[in-house]
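One-letter residues, chain by chain:
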Amino acid sequence: MSETIPHQCDVLVAGAGAAGLAAAHAFAAQGRKVIVVGKVETHLAGRTVALFEGSLRFFRALKLWKACEKHASPMEGIRLIDDTGSIFPTQPKEFRAREIDLDAFGQNIENNVLVAELAEAARKHPRITLIEGLLDGFELNYSGARARLGTGEWIDAKFIVAGEGRNSQARQVAGITVKTWTYPQVALTVLLKHEKPHHNISTEWHKRSGPFTFVPLQGREGAPHRSSMVWLVAPREAVRLQALAPEELASEIQDQSHDRFGHIELDGPVGAFPMGALKTDKVTGLRLALIGESAHLFPPIGAQGLNLTLRDIASLVDCLENVDLDEADLISRALASYERDRARDIGFRVNGIDVLNRSLLIHALPVDFARAFALNFFSAFGPLRRALMREGVTPHGPTPKLMRQRPPVRRPTPAQS
């Protein structure tokens, strides 16, 4: 019996979540033949993605945002409220996108909707093959790379993008070491409908168990005011809350939000996932690069997760632009550039969010004082305030091409034409 002829591609993307599908589209736009393999997950309870301006430019450049935009809600402002009960309380702080000359910081969209739209676009793309299956083996060498499907079939690739998440098998095969740690928290996620409008403002209460956040969602018929909620609580409290009837949980959420949004009802199932963090010692291997949660993971504070991942992808695409993937030495030089480019950004986000999250969990007067002082200091001084907002939305440093602002197209006047 003859051996099955393996699938062939330029770039194999492991993982078919938002990260992997976005990477597949980005490399296909370079003219590469792409195979993306993974489970297309569109049933994550209560999960949404807040996409900041750079990420919106990424999707617009790839002509993917038009199909998603009708499902998204703008985030014109961010409100921070100290609800820790500290003896050093801070007054609520509000940051508006117009302060940095933007109409909105970004757009919030349900994760399930985003993934479904990216998957549908991938199925229609002539240079992308989407295989909804599992990969159970990788081979990396100087001359090429291979991956084995769960069916036993092989895929021959010139380059592998590992975007399968925190338990990345490709990362293990590449010998990349990882540091992980956990937090005494569980994130509860759910979509809500509420009586009062959110006015396109994301509201985050800082509580002793962690952030409790309402992010604007697009309204729908019968539910004009909707938000997504992320609530970090202790594991035992998470068990208690999950056992409540929907109306009882909604009542507790209403109490925790101090009735800011009036009467609240759940608008879908409740999700829960334990809080942990992950950081790798490097983001590249032989003919391989890590993106997303294969390379970094942290609590959902400040909506940095997918935005950081899309910067991974945009940077990797830039580094491999015009690189012949048959030439191992050229790939190695490109990956060295990717390694340098991502080190600062990833380190800053992972470490910064770790410090902020721990500052809420540690009940100590010096920590409370330092947190309050820092928030008041950065909020009070205009240049620092605006710099902080810009760093969250479009980080300083070299901007990848897919995230650069495109100048408006100027059409010639009749006299010029």
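Preceding block: the structure.
Let me begin by describing the structure that accompanies this report.

Conventions we followed
Residues numbered from 1 in each chain as written. Predicted model: local features only at pLDDT ≥ 70, side-chain atom pairs only at ≥ 80, totals over all residues. Heavy atoms only, no water. Pairing = 2+ DSSP bridges. Helix = DSSP H or I, 4+ residues; strand = E, 2+ residues; numbered from the N terminus. Axes fitted to C-alpha atoms, helices over the stretch in contact; angles between N-to-C directions. Contact = heavy atoms within 4.5 Å. Left-handed = near helix turned anticlockwise from the far one by under 90°. Nonpolar A, V, L, I, M, F, W, Y, C, P; charged D, E, K, R; others polar. Buried < 20%, exposed > 50% of the residue type's maximum accessible area, 1.4 Å probe, protein only. Salt bridge = Lys/Arg side-chain N within 4 Å of Asp/Glu carboxyl O. Expected span 1.5 Å × (residues − 1). Right-handed = clockwise from strand over helix to strand, strands pointing away. Parallel < 35°, antiparallel > 145°, perpendicular 65-115°, else oblique. Arc of directions from axis to C-beta.

### Re the sheet that holds strand E4 (residues 73-75)
Strands belonging to one sheet form pairs held by backbone hydrogen bonds; the direction of such a pair is parallel or antiparallel.
Line of reasoning, step 1. Across the sheet, which stays open at both edges, the three strands sit in the order E3-E7-E4 with antiparallel pairing between neighbours. Edge positions in the sheet fall to strand E3 (48-52) and E4, since each has one partner strand and no second. Ignoring which end each strand starts from, the neighbouring axes of this sheet average 30° apart.
Line of reasoning, step 2. Two elements, E4 and strand E7 (residues 106-110), share three bridges in a ladder whose sense is antiparallel. If you follow Met-75 over to E7, its bridge partner there is Gly-106.
Line of reasoning, step 3. Packing against the sheet, helix H4 (residues 111-124) makes contact with E3 and E7, and its axis sits at approximately 90° to E7.

### Thoughts on the packing of helix H1 (residues 18-28) against H4
Line of reasoning, step 1. Look at H1 against H4: their axes get within 9 Å of each other, and the N-to-C directions meet at 35°. The crossing of H1 and H4 is left-handed. The segment H1 lies against H4, with Ala-18, Leu-21, Ala-22 and His-25 engaging Leu-114, Val-115, Leu-118, Ala-119, Ala-121 and Ala-122.
Line of reasoning, step 2. Here the residues of the contact of H1 with H4 sort into nine nonpolar, one polar and no charged.

### Quick word on unusual backbone geometry
Line of reasoning, step 1. Its identity as a non-glycine residue notwithstanding, His-199 has a phi of 55°, on the positive side.
Line of reasoning, step 2. Relative to the helices and strands, His-199 is located in the loop between strand E12 (178-194) and strand E13 (201-207).
Line of reasoning, step 3. In this structure His-199 comes out as exposed when scored by relative accessible area, which is 57%.
Line of reasoning, step 4. Despite not being glycine, Asn-200 has its phi angle at roughly 60°, a positive value.
Line of reasoning, step 5. With respect to the helices and strands, Asn-200 occurs in the loop between E12 and E13.

### Focus on the pattern of salt bridges
Line of reasoning, step 1. In the structure shown here, the tally under the stated rule is 26 salt bridges.
Line of reasoning, step 2. Salt-bridge contacts for Glu-94 lead to Arg-79; the nearest nitrogen and oxygen are separated by 3.0 Å. Of this pair, Glu-94 sits in strand E6 (residues 93-96) while Arg-79 is found in strand E5 (residues 77-82), placing the two residues 15 residues apart along the sequence.
Line of reasoning, step 3. The exposure class of Glu-94 is partly exposed, given its relative accessible area of 28%.
Line of reasoning, step 4. Among the residues examined, Arg-79 registers a relative accessible area of 14% and is labelled buried.
Line of reasoning, step 5. Where Lys-124 meets Glu-120, a salt bridge forms, and the shortest distance between an N and an O atom there is 3.7 Å.

### Overview of helix H8 (residues 305-319)
Line of reasoning, step 1. With 15 residues, H8 extends 21 Å from end C-alpha to end C-alpha; this agrees with the ideal 21 Å at 1.5 Å per step.
Line of reasoning, step 2. With 13 of its 15 residues buried, H8 lies for the most part within the structure.

### Topic: the pairing of strand E2 (residues 34-37)
Line of reasoning, step 1. Going residue by residue along E2, you find Val-34 and Val-36 tucked away on one face and Ile-35 and Val-37 tucked away on the opposite face as well.
Line of reasoning, step 2. In terms of strand pairing, strand E1 (residues 7-14) meets E2 through four bridges, oriented parallel. Within E2, the position partnered with Leu-12 by the bridge is Ile-35.
Line of reasoning, step 3. You can see the chain leave E1, run along H1 and come back into E2, and the turn it takes is right-handed.
Line of reasoning, step 4. Of the pairings in the sheet, the one linking E2 to strand E8 (residues 128-131) comprises four bridges and is parallel in character. When the sheet's bridge partners are listed, Val-34 is paired in E8 with Ile-128.

### Focus: the packing of H1 against H8
Line of reasoning, step 1. As a packed pair, H1 and H8 sit with axes 10 Å apart at the nearest point and diverge in direction by 25°. Taken together, the axes of H1 and H8 lie roughly parallel to each other. Crossing of H1 over H8 shows right-handed handedness. Counting all contacts with H1, which are made through Ala-18, Ala-19, Ala-22, Ala-23, Ala-26 and Phe-27, the residues of H8 involved are Leu-306, Thr-309, Leu-310, Ile-313, Leu-316 and Val-317.
Line of reasoning, step 2. Of the residues assigned to the contact of H1 with H8, the class counts are 11 nonpolar, one polar and no charged.

### Observations regarding H4
Line of reasoning, step 1. Taking 1.5 Å per residue as the helical rise, H4 with its 14 residues ought to reach 20 Å, and the 20 Å between its terminal C-alpha atoms agrees with that figure.
Line of reasoning, step 2. Those residues of H4 not exposed but buried are Asn-111, Asn-112, Leu-114, Val-115, Leu-118, Ala-119 and Ala-122. Looking down the long axis of H4, one finds its buried residues gathered within 160° of arc, a one-sided arrangement.

### Describing the environment of His-225
Line of reasoning, step 1. Inspection of the secondary structure puts His-225 in the loop between strand E14 (210-217) and strand E15 (226-233).
Line of reasoning, step 2. Assessed through its relative accessible area of 23%, His-225 is described here as partly exposed.
Line of reasoning, step 3. For the pair His-225 and His-198, spaced 27 residues apart in sequence, the C-alpha to C-alpha distance is 7.0 Å.
Line of reasoning, step 4. For His-225, the residues in contact, after removing those within four places along its chain, are Leu-192, Lys-193, His-194, Glu-195, Lys-196 and Pro-197.

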